[in-house]
Amino acid sequence: MNLTEHSESILKEIDLKFQAINQKTDVQLEGLLWSKPITYWDYIQTDALLNLQIQRTTLPDEMVFIMYHQVNELIFKMILWEIDQIADEQNIQVDFFSERLSRITRYFDMLTNSFSIMENGMEVDQYMKFRNTLTPASGFQSAQYRMIEFASTDVINLTDRRYKANFDENTDLETSFEHLYWQAAGKDYHTGEKSYLLNEFEKKYKDQFLKQITSFKTKNIWQKFTQLPIEDQQNPELIKAMRHYDHTVNITWVMQHLNTARKYILESGKGNGEATGGSDWQKYMHPKYQRRIFFPKLWTEDELSNWGNEPTA
């Protein structure tokens, strides 16, 4: 048997790899004799992916709605994947941080630019019919989006602004969670009662959310930024990138979503103005009401006071 020096070198490395995990190299190599060559459709799991679109009605445009939201969830997963790399990097360096942040921002830029698919890609009549079959489900219930928020900033920055002055980083976790800005979409603070929308959401994900908040308390994007050397934190290009991410997630993307909802629910004249989940969706979604800001220390007082009202750089 003739092997090139390169082949012998690879075999030695393979042998070392399996020795390190107490496995027999011969057995592993023999297994390769019976394995099938990989194909695109097997690697991507195309058949499984394309069979996840299940309509509840016979209206064709419902498929647009389903697929668009599934694409969003896949992009959210990509964003969380990149955030995890930042969070788990020990002794974070500015080049690594900036590269991952730029990836995350590109994903959100893509989401923002894609809203024309929803805004102009469905017939109003069809949407107003099939949306009734979605009640009481709501895009509010995207767990991955909430996890992106928890992984981006300190929880105090996600607190309902009506109560934020009474809280700080030492507020207990349960109290902080009960006063997150999005609780306002499904909770009557006078009675303390929560909507079915919110109750079901928390029943499914609350434990996971609390773990996420705890896990990212010292390693969310903002905290990792503060761990960079001072000269890097003052780098104009990095500050610009942080502000762009903040603005894109909390103003641009949200407003695109809000304007699309307005087109169908209000401006069409065919809806009653209510969200499928029953939330006060305009006050919940519009950034000027909650002023959710990931990195408030990177904005001027004037920019903060006009958040969601005037264009910011």
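The present account deals with the structure reproduced in this document. Everything quoted here is computed from the prediction, not taken from an experiment.

Let's talk about the pattern of salt bridges
And then number 1: In this structure the tally under the stated criterion is eleven salt bridges.
And then number 2: Between E99 and R103 there is a salt bridge, with its nearest N and O atoms 3.1 Å apart. Of the two residues, E99 and R103 are both situated in helix α6 (residues 94-113); the distance of four residues between them amounts to about one turn of the helix.
And then number 3: Between K203 and E200 there is a salt bridge whose closest N-O contact spans 3.1 Å. Taken together, the positions of K203 and E200, both in helix α11 (residues 196-215) and three residues apart, correspond to about one turn of that helix.

Quick look at unusual backbone geometry
Trans is the common state for peptide bonds, and a negative phi is the common state for residues other than glycine.
And then number 1: A cis amide bond, omega 5°, links T135 with the succeeding residue P136.
And then number 2: The residue Q45 is not glycine, and still its phi comes out positive at about 60°.
And then number 3: In this fold, Q45 is placed in the loop between α3 (40-44) and α4 (46-50).
And then number 4: On the accessibility criterion, Q45 (46% relative accessible area) is partly exposed.

Here we look at the nonpolar core
And then number 1: One finds I79, I83, F97, F108, W182, M242 and Y245 to be the most contacted residues of the largest nonpolar core, which totals 68 residues.
And then number 2: Looking at this core, the element that brings in the most residues is helix α14 (residues 236-267), giving ten residues.

Quick notes on the packing of helix α1 (residues 5-20) against helix α2 (residues 25-34)
And then number 1: Orientation of α1 relative to α2, taken along the N-to-C sense of each, is 115°, at an axis distance of 9 Å. Note on packing geometry: the crossing formed by α1 with α2 is right-handed. Here L11, I14, D15 and F18 of α1 come into contact with α2, specifically with T25, Q28 and L29.
And then number 2: In the contact of α1 with α2, the residues fall into four nonpolar, two polar and one charged.

Focus: α6
An α-helical turn contains 3.6 residues, so a residue and the one three or four places further along point in the same direction.
And then number 1: Compared with an ideal rise of 1.5 Å per residue, which puts 20 residues at 28 Å, α6 spans 28 Å between its outermost C-alpha atoms and is within 8% of the ideal.
And then number 2: Turning to α6, its buried residues are V94, F96, F97, R100, L101, I104, T105, Y107, F108, L111 and T112. Down the axis of α6, the sector holding all buried residues measures 160°, keeping them to one side. For α6, exposure combined with an orientation more than 90 degrees from the buried face picks out D95 and N113.

Some words on a nonpolar patch on the surface
And then number 1: A cluster of nonpolar side chains, namely I38, Y40, W41, Y43, I44, L49, L50, L52 and L74, defines an oily patch on the protein surface of about 1000 Å² accessible area.
And then number 2: Breaking the nonpolar patch down by element, the ones donating at least two residues are α3 and α4.
And then number 3: With four residues, the top contributor of residues to the nonpolar patch is α3.
And then number 4: Among the secondary structure elements, Y40 is positioned in helix α3.

Here we look at the packing of helix α5 (residues 61-88) against α6
And then number 1: Where α5 contacts α6, the two axes come as close as 9 Å, and the packing angle between them is 170°. Here α5 is positioned roughly antiparallel relative to α6, judged by the angle of their axes. Residues Y68, N72, I75, F76, M78, I79, E82, I83, Q85 and I86 of α5 form the contact with α6, whose own contacting residues are F96, F97, R100, L101, R103, I104, Y107, F108, M110 and L111.
And then number 2: Taken together, the residues of the contact of α5 with α6 sort by class into 15 nonpolar, two polar and three charged.

Regarding α11
And then number 1: Look at α11: 28 Å from first C-alpha to last across 20 residues, which is about the 28 Å you get at 1.5 Å a residue.
And then number 2: The largest bend in α11 amounts to roughly 60° and is located at Y205.
And then number 3: Buried residues along α11 sit against α5, α9 (143-152) and α10 (173-178).

Calculation rules
- Residues numbered from 1 in each chain as written.
- Predicted model: local features only at pLDDT ≥ 70, side-chain atom pairs only at ≥ 80, totals over all residues.
- Heavy atoms only, no water.
- Salt bridge = Lys/Arg side-chain N within 4 Å of Asp/Glu carboxyl O.
- Helix = DSSP H or I, 4+ residues; strand = E, 2+ residues; numbered from the N terminus.
- Buried < 20%, exposed > 50% of the residue type's maximum accessible area, 1.4 Å probe, protein only.
- Core = buried A, V, L, I, M, F, W, Y, C linked by side-chain atoms within 4.5 Å.
- Axes fitted to C-alpha atoms, helices over the stretch in contact; angles between N-to-C directions.
- Left-handed = near helix turned anticlockwise from the far one by under 90°.
- Contact = heavy atoms within 4.5 Å.
- Nonpolar A, V, L, I, M, F, W, Y, C, P; charged D, E, K, R; others polar.
- Expected span 1.5 Å × (residues − 1).
- Arc of directions from axis to C-beta.
- Patch = residues over 30% accessible without salt bridge, like charges linked within 9 Å, V, L, I, M, F, W, Y side chains within 5 Å.
- Areas by Shrake-Rupley, 256 points an atom, 1.4 Å probe, with all protein chains shown as cover.
- Parallel < 35°, antiparallel > 145°, perpendicular 65-115°, else oblique.
- Bend = angle between axes of the 7 residues up to and from the residue.

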